[in-house]
Protein chains: 4
Amino acid sequence: MNYQKILKEIEQEITPLFGQGKVANYIPALAEVNPRQFAMSITLLDGTQYGIGNIDTNFSIQSISKVFSLTLALEAHGSKLYEHVGVEPSGDPFNSLIQLEYENGIPRNPFINAGAIVVVDALLNGNSSSEMTFEKILAFVRKIANDDSITIDPEVADSEMTNGYRNLALASLMKSFQNLYHHPITVLQTYFKQCAITMTTAQLSRAMLYLTNAGTDPISNEKLTASHRAKRINAIMLTCGHYDASGDFAFNVGLPGKSGVGGGIVAIVPGVMGICVYAPELNSSGNSLIGTKALELFTTKTGLSIF
Amino acid sequence: MNYQKILKEIEQEITPLFGQGKVANYIPALAEVNPRQFAMSITLLDGTQYGIGNIDTNFSIQSISKVFSLTLALEAHGSKLYEHVGVEPSGDPFNSLIQLEYENGIPRNPFINAGAIVVVDALLNGNSSSEMTFEKILAFVRKIANDDSITIDPEVADSEMTNGYRNLALASLMKSFQNLYHHPITVLQTYFKQCAITMTTAQLSRAMLYLTNAGTDPISNEKLTASHRAKRINAIMLTCGHYDASGDFAFNVGLPGKSGVGGGIVAIVPGVMGICVYAPELNSSGNSLIGTKALELFTTKTGLSIF
Amino acid sequence: MNYQKILKEIEQEITPLFGQGKVANYIPALAEVNPRQFAMSITLLDGTQYGIGNIDTNFSIQSISKVFSLTLALEAHGSKLYEHVGVEPSGDPFNSLIQLEYENGIPRNPFINAGAIVVVDALLNGNSSSEMTFEKILAFVRKIANDDSITIDPEVADSEMTNGYRNLALASLMKSFQNLYHHPITVLQTYFKQCAITMTTAQLSRAMLYLTNAGTDPISNEKLTASHRAKRINAIMLTCGHYDASGDFAFNVGLPGKSGVGGGIVAIVPGVMGICVYAPELNSSGNSLIGTKALELFTTKTGLSIF
Amino acid sequence: MNYQKILKEIEQEITPLFGQGKVANYIPALAEVNPRQFAMSITLLDGTQYGIGNIDTNFSIQSISKVFSLTLALEAHGSKLYEHVGVEPSGDPFNSLIQLEYENGIPRNPFINAGAIVVVDALLNGNSSSEMTFEKILAFVRKIANDDSITIDPEVADSEMTNGYRNLALASLMKSFQNLYHHPITVLQTYFKQCAITMTTAQLSRAMLYLTNAGTDPISNEKLTASHRAKRINAIMLTCGHYDASGDFAFNVGLPGKSGVGGGIVAIVPGVMGICVYAPELNSSGNSLIGTKALELFTTKTGLSIF
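Residues numbered from 1 in each chain as written. Chains lettered and ligands numbered in written order. Predicted model: local features only at pLDDT ≥ 70, side-chain atom pairs only at ≥ 80, totals over all residues. Heavy atoms only, no water.

Undergrad: Tell me about the interface of chain B and chain A, and name the residues and values.
TA: Listed as interface residues are 31 residues of chain B and, on the opposing side, 30 residues of chain A. Interface of chain B and chain A: buried area, both sides summed, is about 2700 Å²; carbon and sulfur atoms make up 66% of it. Summed over the shared surface of chain B and chain A, the result is four salt bridges. The shortest N-O distance in the salt bridge between Arg-232 of chain B and Asp-248 of chain A comes to 3.0 Å. Our count for the chain B to chain A interface comes out at 12 residue pairs in polar contact (both at pLDDT 80 or more). Listing elements by their share of the side of chain B that touches chain A, those giving two or more residues are α4 (92–102), α12 (227–240) and α13 (246–252) of chain B. (Contact = heavy atoms within 4.5 Å. Buried area = accessible area lost by both parts, 1.4 Å probe. Salt bridge = Lys/Arg side-chain N within 4 Å of Asp/Glu carboxyl O. Polar contact = N/O pair within 3.5 Å; in protein donor to acceptor, adjacent residues only side chain to side chain. Helix = DSSP H or I, 4+ residues; strand = E, 2+ residues; numbered from the N terminus.)

Undergrad: Could you give me a rundown of the packing of aromatic side chains, with the residues and numbers involved?
TA: Residues and elements named next belong to chain D. The tally for this structure, following the rule as stated, stands at 20 aromatic pairs over all chains. Residues Tyr-3 and Tyr-50 carry aromatic rings whose centres are separated by 5.6 Å and whose planes lie at 55° to one another, so their mutual orientation is tilted. Taken together, the residues span a long stretch of sequence, with Tyr-3 in helix α1 (residues 3–14) and Tyr-50 in strand β3 (residues 49–53) at a distance of 47 residues. Taking relative accessible area as the criterion, Tyr-3 reaches 9% and is therefore assigned buried. Looking at Tyr-50, the relative accessible area reads 24%, which means it is partly exposed. Seen from their ring centres, Phe-140 and Tyr-210 are 5.7 Å apart, and the 85° between their planes marks the pair as edge-to-face. Taken together, the positions of Phe-140 in helix α6 (residues 130–145) and Tyr-210 in helix α11 (residues 209–212) put the pair 70 residues apart, joining distant regions of the chain. What makes Tyr-210 buried here is its relative accessible area of 1%. (Phe/Tyr/Trp six-rings, centres within 6.5 Å; stacked < 30°, edge-to-face > 60°. Buried < 20%, exposed > 50% of the residue type's maximum accessible area, 1.4 Å probe, protein only.)

Undergrad: Quick one: what's the story with the pairing of strand β8 (residues 264–269) of chain D, residue by residue and with numbers?
TA: Residues and elements named next belong to chain D. Counting buried positions along β8 gives six out of six residues, so the element sits mostly inside the fold. Along β8, one buried face is formed by Gly-264, Val-266 and Ile-268 and the opposite face, lined by Ile-265, Ala-267 and Val-269, is buried too. The hairpin formed by strand β7 (residues 257–259) and β8 contains four residues between the paired strands, and Gly-263 there has a positive phi angle of roughly 110°. The turn linking β8 back onto strand β9 (residues 273–278) is made up of three residues, and Gly-271 within it adopts a positive phi angle of 80°. (Pairing = 2+ DSSP bridges.)

Undergrad: Give me the lowdown on the relation of the copies chain D and chain A, citing residues and values where you can.
TA: Mapping chain D onto chain A calls for a screw motion: a turn of 180° about the axis and a shift of 0.1 Å along it, with 0.0 Å RMSD after fitting. Both copies are brought into coincidence by an operation consistent with a two-fold rotation axis. Measuring from the rotation axis to each C-alpha of chain D, the shortest distance belongs to Ala-169 of chain D, at 2.0 Å. Of the interface residues in chain D, 100% have counterparts in chain A that sit at the interface too, so the contact is made through matching surfaces. (Least-squares fit on C-alpha atoms with pLDDT ≥ 70 in both.)

These results come straight from atomic positions and should not be treated as a statement about function.
The structure is reproduced here in C-alpha cells:
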C-alpha cells in the first residue's frame, strides 16, 4: 500500500477541520500550544516509517502514558493488579468520584484517571522514591521508542501538581478505601511526571510496536510483556481508550487506541503497524478532533480495521 | 478446520464446570430450567452448520433479542435513533437508574435494559399496536433464522410483565424525561414479548449471518441492513454486549457477541461464521458461565479472534 | 394580640412581591390558576378565626395532603410504618431516584413524594379498593376541617395521572425493592386523588388544630391521634416540610409547616393556633414565595416561633 | 425544678444501656477510651451548674467544635458564607462525595464534614497561618467556657491527619470546584486541631450559654454573635446536628443540639440553659447512644422541649 500517499490525502482532508475543536486549557502550559498543528506517523514492524506534518514536534503525551505504566505494572504484579483496578469500560466524566465511591474505591479500568493512579501506586512498590519510579517509566518509554533523548516538560508536571485537585480527591478517596499503598501526594507526583513526558508522533508510533507484535519488540526482539498481556492491553484500549467516546472510536476507527488531552492519539493495527497522530484541538469528549478524524480516514482508506 | 472435532473437545472441557453457576431465578419460568444443559452451534456463510449438544432445544433468547430490534429500529429511523440512546459502554448494575437520571433519561447504549426499551419504543412508532410491532420483530427473527416455526413462550412474557418493576421504573423515568413516545406499560409489553422469543442454538447461529456478512444475508442475498449499520451493531456488541463483563469478554473471547439471562450467547466471526452457545447456569455478571468459557476455548483453538 | 391588624399589615407588606414567583406549570390545571392571589387564615384552639384575602377560595392542597394521610397511616400501622419510610430530612430534587436506589427503596421521610406514596400504599391495606381508601382520607379531611363539602378537583387528579411519570418511576422502583404492597398504578391513583383535594385557607387552618393540640381536636374533643404521634408529625414538618428549603423555613419561620405546589402552606403554633396561607406563585424551591414571606412576617410580628 | 434529682434519676435509668454501643475506632486515640463513662452537666443563664458523673473528665469534642467555628465564620463573613455552604439538612453517610460532586462542590450545611471544612477555610482568610487560625478558635472556646486551661490532644490531631483521607478527598473535591481558598492540607490541619480540643461536660454546658441567650453571654454580657445568627445556628443544630439521626433527635429530644464522635452532645433550651452529656459508646448513626437517651429522658422529665 502507498502509505505516504494516503497520509498526504489525509492531511488535505483534515485541513478544513482546524478551528472546530479547543486546545486543553486546564493548565497554562497546555493552553498556550499552537492549535493549528497536525502530524501523523506510522511505523511498520520492520521499522519503516511514514509521516506527514510536524512529526518531530514534541508534545505532552498525557494519558497515552497510561499504556506504558500499565505494561510495567502488569509485568511487576501480574493479575494481582486486577484486585485494585478493573478492566471494564466506564463513562469517564460521569463515573469519577460517584462511581468510585459506589464501588468502594476500585476504579473501573486503568485508563480512567483513578485507575491510572492505582497503576502508578503499584509501580511505586519496591522502589525507594517517586523519582526512582518515574525513572523506570521513562527508561521503558525510551527503550520502546528507541530514543534516549526523551524527557519531560517540568513546567507541565508542576502545573498539573498545582491544579490537580480532582485527581487528589480521587487518590484520597481510594486511599480512604485502602486501595492505595502510598500517600496520595506521592502517587500524584509520579503520575503527573509520567503525563508530562513529551514525545513526537514518530517516536510514539515506534513505541507502539511491542503491542502490535504480541508483546515483543519486533526490531530488537526483546520480549517486553507476555503475549496475553499485550492482548489484554489492546482489548482495554479498544473498549476504554477514549473516555466517553470509546464506543464511537471503536466503531469509526475500529482499532485499539489511546488518546491524551495533549492532542495525541496512538493506535495499533495488530501484526502490521503502530500509529500516532497529533493535533491539539480537542472535541467535546476530550479527544483530538482532527486526530480522531485522521484515524477514521486512515482505516477507511486502507481497510485496516478489526471489524 | 475440523469444526466438529473442536466442538467435541469443547464439550468435554466444559463438563467439569457444571454446577459452578446459577440459573436465572427472578421469574419462575426461567428458574425451572434444567441447569445441566449445553449446546453450541456454528453456521458458516454458505449455511453449513456444525453443532454439539442440545442444539435443537428451545430456550428464552432474552437480551439476545436486543440485537434484532436494534437492527430494525436503525433501519426505520437511521441515526436519529442516537438522539434517544447512546453507543457508549456502561457498567450495567451500576448505571441503571442513577446514571439514567444523571444523564437526563438518555440511556448509554441499546444493550442495557433502558436502551433496549427506547429501541422498542422507536419500533412502536408508525404501528397501530404493541401486538403489530411484536409481529414485525418476530417476522424479522423468523426471516434471519430461516424458520417460520419460531414463536414465544407466553408464560415467560407474562411472568416478566408481572415482575418487571425495575424495568417499569426505567421506562417511567425515561418517559418523565420525554425520551419515550409511548406509555411505559405499552412499551414494556412489547419488550417483554421480544425477550420471551424461544430459539435453538442452531437457529440463532444461522440468524447472526447477516451481521457476519456486512448486513446482507449470505444465503438469500437479501440486504437486511446497511454495511455501516452492521458494523456499528458489531462494535456495540464488542464493547457493550455482556453487561459488566464486556471488557473481560472482549479480552477472553475477542469477538462481538451478545448474551441473555436465558443462558444463550451469540457471537460472530466477521466474514466467517455465526455462533451460538447455550448453557443456562450464569456467572456473577449474569452471562452464561459455561457459554463464555466455550467461546473462549473456541477462539483459542481456532485462532479466530479480532485481536 | 390583635391578629386581624397583623394580617392586614402582612397583606400590605407582601403586595410588592407579586410577580416574583412562578405558578406550578407541570400540569395544565395548575398552570391556569390566577397568580395574583393571596389569602391567610388562622384558627385558635377555641375555633376563633381570623383571615385576610381570598380565604374562601378553593385551591389544590397537593402535598399538604401528605400530613393527613400520614396521620391515618400511623393510626392504622403504628411504628411498623417506619419499616417502610424513614423520618430523616433529605434534599428533594437531589434524592429522588438516586437516593432511593442507593437506600434500597426505603424513602427518607413521608413528605418526599416516594415517602408519601409508601404512606398511601400502607393505607390501601385492608381496604377493598383505591376508591374506598381515598374516601377514608377525604372523610378524615372533612372531619378535621369540620366541613363536609370538601371534595376533589377531578381534572387535577386526571392530569397528574397522565403526567406523573416520575412518580410512576419512584413507585415502580420501590415495588422492585418490595417496598410497596400494591401495584404502582393503584397506589398512584389514590395518591393523585389525595393531592387533588381542594380546600380554602379557612378550612386548612381549622384542619391543623389537632396537631396544634397534641392529637386531639380541641373543639370536638375527639382524639384523632396519640400525643406522641402528633409530636412526631410536627417534628417531621419542621425538618422536612418544605423540600430543599426546609432548613431556611425552620430558620426564617421557626414553625412546623408543610407546603404544596398548589401554593398553600399550613403551619402550627403548638398549643396556640393553626395557620394557612395561600399564594400560588412559587419560589425556586417549589414553595409559595409570598406564603413563606407572610409566615416569616407573622412569626416576627407575633414572636410566635419555637426557637 | 429539682435538676439535681432529675440528673440522678437519669444516671440510674441509663445504666442498663452500657455495652449497647461502640466507641469510635477509626483512630487509635479514640478507640482506647474507657467505654463505661457517663457525665451530664447543665448550666443555667445565671451560671448555676448541676452535674452528674464524670463532669470534669476531658474528652475529644470532635464535631461539637463545628458549632464554634461556624459562629466565628459567620461573624467574620456574614451571609457571604452561605455562598460556600448551604443550610439544608442532608443524610450524611449518603451525601458525602456523591452529593458534593452532584452539587458542584457546595456542601449542604456546615455540620457535615465538607461544610465544616469550608467554614474553617473561611476562617483561614486574613490570617497568616493555620496555627494562628486555630489559636483564634481556641481563644473563642476558652472565652465562652470561661476557662483558659482548655487545650487540644495533639495525639488525636496527628492521628486524624494521618488517617483522614476521606476528608482529604472532600476538601480536594471542593478545591477542584474552587470552593476552597486554601490548600486542602492546610485547611485540614486546622480542622483536625479544632476537632481535637478536649473539654468536660461542665465546660461545654457553660460554653453553650451564648446560643441559649440570643448570641450574648448572659454572664459576661459580651455580645458574641448577632441574635439572628444565634437563631440560625440553633435552627441548623435542630435540623442537621446529628448526622443521619437528626430527625429522630428532633422528635425524641426536641432541642437544638450537636453531637461528636468523641461521645459528647451539646444542646440548648432557648432562654433557659446549656446542656452537655458525655458517654463514649456510639449508636449506629455515630451519636452517643447513652447521651441521646439521657437527653430524651431530660426533656421528658422536665417538659423542656421546643415542640
